[in-house]
Structure formats: C-alpha cells, structure tokens
Amino acid sequence: MINRLKVYSLCLLLSFFILIARLFYWQIYKGKGLSAQARVQYQSGYALLAPRGNILAADSTWLSASGKSWLVYGVPPDLKKGSKKTAETLAPFFVEDEDKTSLLSEIDRINELLSKGGIQWTPLRTKVSDETKQNIEKLNLKGIGFEFQETRIYPEASSGAHLLGFVGKNNEGQDEGYFGLEGFYDKTLTGKPGFITRDSDASGAPIILGAFREMSAIGGVNLLTHIDKTVQLTLDKKLKHGIEKYGALAGSAIVMNPKNGGILGMSSFPSYDPQKYWEYGDQFFNNPTIFSSFEPGSIFKVLIMAAGLDSGVINPDTKCDSCFGPLKIDKYFIETWNNEYYPESTMTDVIVHSDNVGMAYVGQKLGQEKMFDYLNSFGIGQNTGIDLQGEISPKLREKGSWGNIDVATASFGQGVATTPIQMLRAVAAIANKGRIITPQVVDKIIGEGWEEDIKEKDGGRVISEKAANEMTQMMVEAAKKGEAKWTNIGGFKVAGKTGTAQIPIAGHYDEEKTNASFIGFAPYDNPKFIMIVTLQEPSSSPWASETAAPLWYSIAVDLFNYFGIQPDN
Amino acid sequence: MKYRAKEKIKSKSGRKQLNLKSLMWIIILFFLILKVFFTIKTASLGAKLANIESKTHVVAERNQDLTYELVNSSSLSRVQDRAGELGFIKPGRIVYIESENPVAKVQ
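Just so it is clear, the model here is predicted, and its values are computed rather than measured.

Quick notes on the rules
- Residues numbered from 1 in each chain as written.
- Chains lettered and ligands numbered in written order.
- Predicted model: local features only at pLDDT ≥ 70, side-chain atom pairs only at ≥ 80, totals over all residues.
- Pairing = 2+ DSSP bridges.
- Helix = DSSP H or I, 4+ residues; strand = E, 2+ residues; numbered from the N terminus.
- Axes fitted to C-alpha atoms, helices over the stretch in contact; angles between N-to-C directions.
- Domains from an automatic or database assignment.
- Buried ≥ 20, exposed ≤ 12 C-beta atoms within 10 Å, placed from the backbone.
- Arc of directions from axis to C-beta.
- Contact = placed C-beta atoms within 7 Å.
- Nonpolar A, V, L, I, M, F, W, Y, C, P; charged D, E, K, R; others polar.

*Asks:* What should I look at first to understand the sheet that holds strand β1 (residues 43-48) of chain A in this one?
*Replies:* Residues and elements named next belong to chain A. Strand order in the open sheet formed by 3 strands is β1-β8-β9, and the pairing between neighbours is antiparallel. Of all the strands in the sheet, just β1 and β9 (212-215) have a single pairing partner and so form its edges. In this sheet, neighbouring strand axes are inclined to one another by 10 degrees on average, regardless of whether the strands run parallel or antiparallel. Where strand β8 (residues 194-199) lies against β9, 4 bridges are found, and the strand directions are antiparallel. Within β9, the residue paired with Phe195 across the bridge is Met215.

Take a look at the structure:
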C-alpha cells in the first residue's frame, strides 16, 4: 500500500515537473515568438494618409490638387491564369499607344515581373487611374490587387507649368515637389502621415478596452495664390500664338499687380505637362522668367533715366548736347539703333526715340558710382525674393570696376544681364510711385481652421514720387510716339517701353539675332497691372516694336476688358 | 431561561453569518453579470465602431471622388473649350459709350 502510494506520488511529481518544463518551454523559451505571433493576430493597424495641400488660384479654384491613383500589384503564387496570360490581359490597360510594339514590350515586362521565382508580391504599374482600376477589377483576375497612391492633378494641364512645378520622387522614393511653387513650398504642402494600431478580435473589429495607439495625420496646407486663371490662360494662349507668329525660339510673359507685387499670371514657352513631367527633358523644367538671364536692351533705359531724374543730374527737359551724332568713348563709337540723330533732344525725346547716345549722355551725367547704387536699389544683380524655386541672379559688375564704356553701354541696357522678373520688379517701382515691392505668388497659407496672410514686402523707396511720375510720363510719351506707336491702342493710359537687345556670342554681338521685349503698365495713373513680354530671337523681325510690342498690346486688350479698364475718351 | 437566551444569541450570529455570505455571493454574482454584460457590450461596440469606420471610409472615398470631379469641372481651360464648342466667341470689337448728359435721372 505504501509502495503504491510512493509510486503514485512519484508519478504525480514527475507529471508536475514535466508540466513545469513544458510551461517553461512555451512561456520562456518560445514565449517571445508566440507573443509576437499573437500580437499579429489580435493587433491591427493602418496608416492615416496626409494628402498634399492644394495650390489654388485667386478665386479658390484649383491649379494643382491631390488626386487618387492606384498601384497595380501581382501576387504570383495566387495567379490562376498563369503569368503569360495575365500579362496579355493586363498590358492593353497599361499602354497609351496601342501599337503592336509597345503592347508586346509591355506584355514581356509584366510577364517577366510575374514569372520571377520566389516572389510573393511584385508591383506592376504605378499611378493607374480609377477608371482603369475599375476596368481591371471587372475581369476578376486572381492574384492581381490594387493599392491606393496619391497623385497630383493639374486641371489646367500645362498652363502655368513653370509657375507650379511638379511632384516627383526623391532618392527615398517619397513624393517631393520640384521647381516653381511645388518646390518652394514643398515642406508646407507636404502632410505628415499618421497611424493607428489597436487590438482587434477575430473578425477584425476593434476591442474597445484593448491597447490603442494613434498618431494623427497632419494634412498639407493649401496655398491661395494671386494667380488669376483668366489672366494666366490669356497669357498662355496669346504668348504661344505670338511665338509662332513672330517665329521666336522661346518667349515668356509676366503680369503683376505693381501695388502689392501679386503675380497675376506667368507663362513661358516651350513648356511641359507637369502631370507627365518624365516625358520631358530637364531643360524644360527651369522657369525662364526667373532663370533665364538676358541683356535687356532698351527697356533698361527707363531705370537709368529714372535714376538720373531722381538724383537731379537731369530733368525731363534737359537737352542732350551730344546727341548730334555717334558718341566716341575710348576706342568705341556709340550709335543709335537706326543711325538717326536728334541734336538738342530733351530727355523725354531720348526715351521716345530710344536714343542710345542720349542714354550714354545720362549715364555720363550719373557716373558709375551713382549708377551702381541705383541699379542696386532697383534690385538688379540680386534675387527678387519671389516665392518660386529656381530663381537666379546674374551679377552686376563690381562697384568701382566700371569703365567709361561700361557706364555708356549699361545706360542703354547692353553689357548688363537681368532676368525678366528682375526687370518687372524694377519697373514696377516706377509704376508704384517709387517704392519697390517683392513679387509674390502666394497670397495666403490656409490650414484646417486657420490661415496666414502673406503680407506684401515693401522694399522701400528707390526713387522719389516726383521722379517716378516724370519717368511714367516719359514712358507714356514713348508708348504714344515711340517706334511702337503704330501698335498703341488709342485712348488707353499705357506707359511702356520697347527693348531690342543683340545677343552676345563668344565675346561679340550677333549681328542678326536679338531678344525683343516690351514692358509697360496701365492705367499709368493708377496701375492695375504691369506686364513684361520677351521673345527670344524672333525671325519675322529683329525689332521689339514689330514683335514684342504688338504681342504686349494684344494681351493688354484682353486685360483692359477683363479688368474693366476704359479708354480716356 | 439561560439556555434559551444562548440559543437566541447563536441563531442571531448564525443569521448574521448567513446574511454576510449571501451578500458576498450576491456581490460576486453581480460583478460576474456586470462583467458578462460589459464584455458583450464592448464586443458589440467594437463591431459598431468597425461599422462606423467602414462607413467613414466610404464617405471619405466618395468625398474624394466628388472633389476630383469638382477639380476637373472647375478647370477654366475645359470651360473655354466647351464654350468654343458651343459657339461662344470672344468679343471682336468693343465699343465704349460715353454720355455727356445722364440718360436717366431721379427727380
């Protein structure tokens, strides 16, 4: 009896130790792994998406918005039809040109991806539209799935492409804005995705009292711009037509409100489609209005003349005593553009005739130091500070290193380089009674429940109001009586100036090629807009008065109508 | 008499013990029922939450689709193209009218 009890006790003890050992095995030795497996079973989680902010026109309609697209992926082990058949079914949905070659190469590409050994999941196509996804879904293909992807849509297509920029992928495969507003405001537009992890039951429903962790997503904020869609589309249409009409290589145009620096429209050609940016070369992406430097030619004269008026070295009625013929400076001769000379010209006549000799006279009166200081104040040689990515600034010659000939040529806009936006900003100071304003594209930053107004940046006074008014009157006379008078629209209060500049090539100026430009504002006594138009190497005529000026007026006619600007009589 | 008194005391403390035990059981039972009730309640709330989330997701997706439609339909280029197709043209010649005398006057 006692022996039997001992055996039972031993058995019980042994069972107890086996139980303990087993428990040790599962709880301690295998515990971590099992715990992880369990977590996978009862914990669920998903990412909270943070869409990129929208870029809005002044009327709050979209210039750029977040859209929906899909990543089509394949799960090779789940394919029922086999990789070849599946590839043949999918390929027609993925090719844009349904020619045989591209279709066959797409079939080969998909087949290659799906038939790779040992792969559980493979991406087949990114940025597939919702419509295509629905069409593929109807086929009920086993082993083919879809994953949401954010995409960028530009409802006005390539209109203002340089202004907007585009969203591409960075080195880490993340969306990133490049060029224009997308590049400049990338961090502001980019949202911060969040996530939710929590305990779930077998059906996937959350367990209310279980573990829960959430990091909220912060959506990207919207940008409300000064861009007026009507102005923008008018610029695009007219500029494109103008480039074709005058046989130019390229062209650009900017319209700005001179009072607050708000950019109302900005266009350049050749351009690209930001939604299909990868189909274009890198040379298309830089915005010529802020990136291309050019010798401005005669439109630069208004800055030098304004400097002369402000410094008091001349007044509108000052007579030029060297305008009777070519002016010799060192070993060079300064001539007028048409070899016509007007002795005893007043300064107004100098601007009206776009007289290089007369401008050299102003330059000599001003002197190199004052000229440098004024140009510096007008922002020449510096970035304008516009809120667009990719602005460059051609440097001005160092102060004190200007020779007599440099002063003379700079007076009529040769030997200096600017960008169209620099010229626009500088001349806008004349339109704005002498105060210089930083050009701005974005007016407000709008988040959820808050908004931040971007105040106009007043760069201070460059010239006196009197000098600005005198210069404006000279520009009015130039528009009415200058070489572009034939294109002037009678009755409208336009102040403007043409500019034809030869193109420097390898140390000399090309005899035939020119850059033509026209800058002006209206109405001159209370300007609603200032606009610059530049054409690169127009072939119908080298002169701005026959190319850029009529193009400027053809755009202005539409703007007069749109802004409700009426003629004087 | 003394004996009776003792019995009375005994039965009083016995009843007291009985009452305490019953109370404890009642409390335990109450908490058990409460536990079962809340377990069922939280489970059903979880399902409700999942259902609401699914509806929210559908609404958000629909909202996104509508926004997409709105973005495209508010495209001025499209409106201009459509206007062209419908035969609308830009005014070719604008006439500005100036009147020296008022055409209407409030008496």
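*Asks:* Help me out: how do you make sense of the domain arrangement of chain A in this one?
*Replies:* Many structure descriptions define interface size as the accessible area lost when the parts assemble. Looking at the assigned domains, one finds that chain A contains domain 1 (71-152) and domain 2 (229-281 + 295-563). The straight-line distance from the C-alpha centre of domain 1 of chain A to that of domain 2 of chain A is 54 Å.

*Asks:* I tried to follow the pairing of strand β7 (residues 175-178) of chain A on my own but got confused; where do I start?
*Replies:* Each regular strand displays side chains that alternate between the two surfaces of the sheet. All names here are of chain A. Here 4 bridges tie strand β6 (residues 166-169) to β7, and the two strands are oriented antiparallel to one another. Within the sheet, the bridge partner assigned to Gly168 lies in β7 and is Glu176. Count of turn residues in the β6/β7 antiparallel hairpin: 5 residues, of which Gly173 carries a positive phi of about 80 degrees.

*Asks:* When you look at helix α14 (residues 368-377) of chain A in this model, what are you seeing that I'm missing?
*Replies:* Residues three or four positions apart in an α-helix share a direction because the helix packs 3.6 residues into each turn. Residues and elements named next belong to chain A. Along α14, the residues that are buried comprise Met371, Phe372, Tyr374 and Leu375. Burial along α14 is one-sided: seen end-on, the buried residues are contained in an arc of 165 degrees. Just downstream of α14 lies Gly379, where phi reads positive at about 85 degrees.

*Asks:* In this structure, what is going on with the interface of chain B and chain A? I would like to understand it.
*Replies:* Contacts between the two partners involve 18 residues from chain B, matched on the other side by 22 residues from chain A. Broken down by secondary-structure element, the contributors of at least two residues to the side of chain B that touches chain A are α1 (2-73) and α2 (76-85) of chain B. With 11 residues, the single largest contributor to the side of chain B that touches chain A is α1(B). By residue class, the composition of the side of chain B that touches chain A is 10 nonpolar, 8 polar and no charged.

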